[in-house]
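Okay, here's what each chain looks like letter by letter:
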Amino acid sequence: MDRRRFLQSSSLIAAATAAATLQPTAWAAAAQVPALPIPPRLVADAQGRVVLTAQTGTSRLRGARATATWGFNGALLGPALVLPRGKPVTVEVRNRLPQPTSLHWHGLLIPGRADGGPESPIAPGQSWTAQLQTDQPAATAWYHPHPHHTSGLHVAMGLAGLILIDDPDSAIAALPQRWGVDDIPLVLQDKRLNASGQIDYQLDAMTAAVGWFGDLMLTNGVAAPQHRAPRGWLRLRLLNGCNARTLNLATSDGRTLYVIASDGGFLAEPVALKTLEILPGERFEVMVDARSGTPFDLQTRPVMQMGMTLPPFDAPVTLLRVQPAGDAGPGRLPDRLATLPALPGASALKTLTQRRLALSMNPMLDAQGMQALMARYGMQAMAGMPMDHSSGHGEHGAMKLDLHSANLINGQAFDAARPLFDARVGQPERWTITGAGDMMRHPFHIHGTQFRILSENGRAPAAHRCGWKDTVHVENATSEVLVRFTRTADRAKPYMAHCHVLEHEDTGMMAAFTVSA
Ligand code: C2O
Ligand code: CU
Ligand code: CU
């Protein structure tokens, strides 16, 4: 409830700030529409080895101004890492950043020691080697840093890339297969730049409460790019790589989005939608019919977040302009995609181990804390308030809030040394995750598994959210998921379960857990 009150007061100031910083559109009209950059596919060499180097660079994100960015094997984002099902791939991750990082493989069923969570830090100048051998169906997953307290910063700076699990058994020959032509990867992220054109990232009381939101939408690192596609069926591999923003995809002319895959692989059959919400961390694969040759835009439409929509997101924002030209390929939309195992019935579900996770905001950050902060420092000052690494509560009580425990699971902030529980390999479990009813969407993600959604925020899951998932929507009610682990994770390298609003993750809304054989 208190997050709600805080949001209502902060939204007025945020709206004023956003209006004041809106860029004139003249440059956009004058400039050429940039082409959609396609991340190259990164395939292991004959020895099964591959290198990812986290490095600094500069990119042009808005106008001609150079922005300092971070990327893998380049200045921004990273290549699409191809992992053939069942084959070992050794990834050497080199850290050439000025600070420690880590690298997590979001969506992969791999042991805790390879998972790359906050307990596997890589110091500047050092490298870390992960053995990735996945045994899971074809899917679009992703990799991103997961360092303690700084995941949001590292992703905001540009560190993220797709993972393509290549599985001939679950691949569907009828689908478009030409990478970057009719099989199109789209990494969607919002950013905020400061007056000197640099990424304006803050982890402070305000972003700990609501997440970091930008006012500039990028697709593969470029604002509103254009793709010259064949006149045929297009397969879009979508990643919401935003720190906190939920996207609501649609086409400019209302043409249908046929969802064919979710986080962990293909659905049973395509699901036709006019709008598709994607929460931070989620992936969907969508087919779009471009056979007519008529150009269209892929957009994100307004969606309430934190109880409001701020410019430019109060109107449709273009993510991609599609210009169909040239010959169609052989790709088409199949009727059937995959066979998903039937879910257990209600009585069988009752016999499963149940885990309960309750998401909440630290009362320290609630009414009193927020009001005291605002009264004393004003919202503008608070938005730039540095993190306080001590957790003592002195006479300036509100200032002494440790932002690292601003958000909680079961009343506790993240503590790697205190795993919540130990699950067993191969044993299905029922997890119930409950929000605090405070208007915040929590995209809740679990490492080491692809689960099935039994109920989502108090309702039956929508058809396109009934397949393999690693992230579930939790807002003001309870979501239930059927979880199973296939690998182990010990106390030294536990798995994580956390909100994928990265500022919630970085400020405590994360739990470690172990899985034993
Ligand atoms: Cu995408 Cu624990 O993360
Ligand atoms: Cu993950
Ligand atoms: Cu959250």
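Each chain carries its own residue numbering, running from 1 in the direction its sequence is written. Lettering for chains starts from A, numbering for ligands starts from 1, and both go in the order in which the items are written. Reporting in this predicted model follows two pLDDT cut-offs: at least 70 for local features of residues, and 80 or more for side-chain atom pairs to be given and counted; totals over whole chains, interfaces and linings ignore these cut-offs and use all residues. Each side-chain value is derived from all of the structure's non-hydrogen atoms; neither hydrogens nor water enter the calculation.

- As recorded by an unreviewed UniProt entry, the protein chain carries the name Multicopper oxidase CueO and is attributed to Amphibiibacter pelophylacis.

### What about the coordination of the copper ion (ligand 3)?
Turning to step 1, where the next piece is worked out: Around the copper ion (ligand 3), the protein contributes the donor atoms His442 (ND1), Cys499 (SG) and His504 (ND1), which lie 2.0 to 2.1 Å from the metal centre.
Turning to step 2, where the next piece is worked out: Summarised as a motif, the one-chain spacing of the donors to the copper ion (ligand 3) is H-x56-C-x4-H. With His442 in strand E25 (residues 442-446) and Cys499 in strand E29 (residues 495-499), this pair connects stretches of sequence that are 57 residues apart. For the pair His442 and Cys499, one class covers both residues: buried. Donor atoms are limited to N, O and S found within 2.8 Å of the metal ion, a distance that becomes 3.2 Å for Na, K and Ca. With water left out, some sites might look partial. Secondary structure elements follow DSSP: runs of H or I no shorter than four residues count as helices, runs of E no shorter than two count as strands, and numbering proceeds from the N terminus. The classification of residues rests on relative accessible area computed with a 1.4 Å probe and restricted to protein chains. Under 20% of the type maximum is buried, over 50% is exposed, and intermediate values are partly exposed.

### Points about the pairing of strand E19 (residues 296-300)
Turning to step 1, where the next piece is worked out: Within E19, four of the five residues are buried, which leaves the element mostly enclosed by the surrounding structure.
Turning to step 2, where the next piece is worked out: A strand pair is defined by DSSP finding two or more bridges across the two strands. Inspection of the sheet shows strand E14 (residues 247-251) paired to E19 by three bridges, in the antiparallel sense. Looking across to E19, one finds that Ala250 is bridged to Gln299.
Turning to step 3, where the next piece is worked out: Pairing of E19 with strand E20 (residues 317-324) involves five bridges; the strand directions are antiparallel. Note on E20: the bridge partner recorded for Leu298 is Leu320.

### With respect to the sheet that holds strand E23 (residues 422-424)
Turning to step 1, where the next piece is worked out: Within the open sheet, the five strands sit side by side as E23-E30-E29-E25-E27. Their pairing is mixed. The open sheet has two edge strands with one neighbour each: E23 and strand E27 (471-474). When the angles between neighbouring strand axes are averaged without regard to direction, this sheet yields 30°.
Turning to step 2, where the next piece is worked out: Examined bridge by bridge, E25 and E29 share three bridges and lie antiparallel to one another. Bridge pairing links Phe444 to Cys499 in E29. Helix axes are fitted to C-alpha atoms over the stretch in contact, other axes to C-alpha atoms as well, and angles between N-to-C directions run from 0 to 180 degrees.

### So, the pattern of salt bridges
Turning to step 1, where the next piece is worked out: Criterion for a salt bridge: a side-chain nitrogen of Lys or Arg within 4 Å of a carboxyl oxygen of Asp or Glu. Tallying each qualifying case throughout the model produces 22 salt bridges.
Turning to step 2, where the next piece is worked out: A salt bridge links Asp215 to Arg62; the nearest nitrogen and oxygen atoms lie 3.7 Å apart. Separated by 153 residues along the polypeptide, Asp215 in the loop between helix H4 (205-210) and strand E11 (216-219) and Arg62 in the loop between strand E2 (49-59) and strand E3 (67-72) bring together distant segments of the chain. The pair Asp215 / Arg62 is uniform in exposure class, with both members buried.
Turning to step 3, where the next piece is worked out: The salt bridge involving Arg245 is made with Asp190; its shortest N-O contact spans 2.8 Å. Within this pair, whereas Arg245 is found in the loop between strand E13 (233-240) and E14, its partner Asp190 is found in strand E10 (residues 183-191), the two being separated by 55 residues in sequence. The same class applies to Arg245 and to Asp190, which are both buried.

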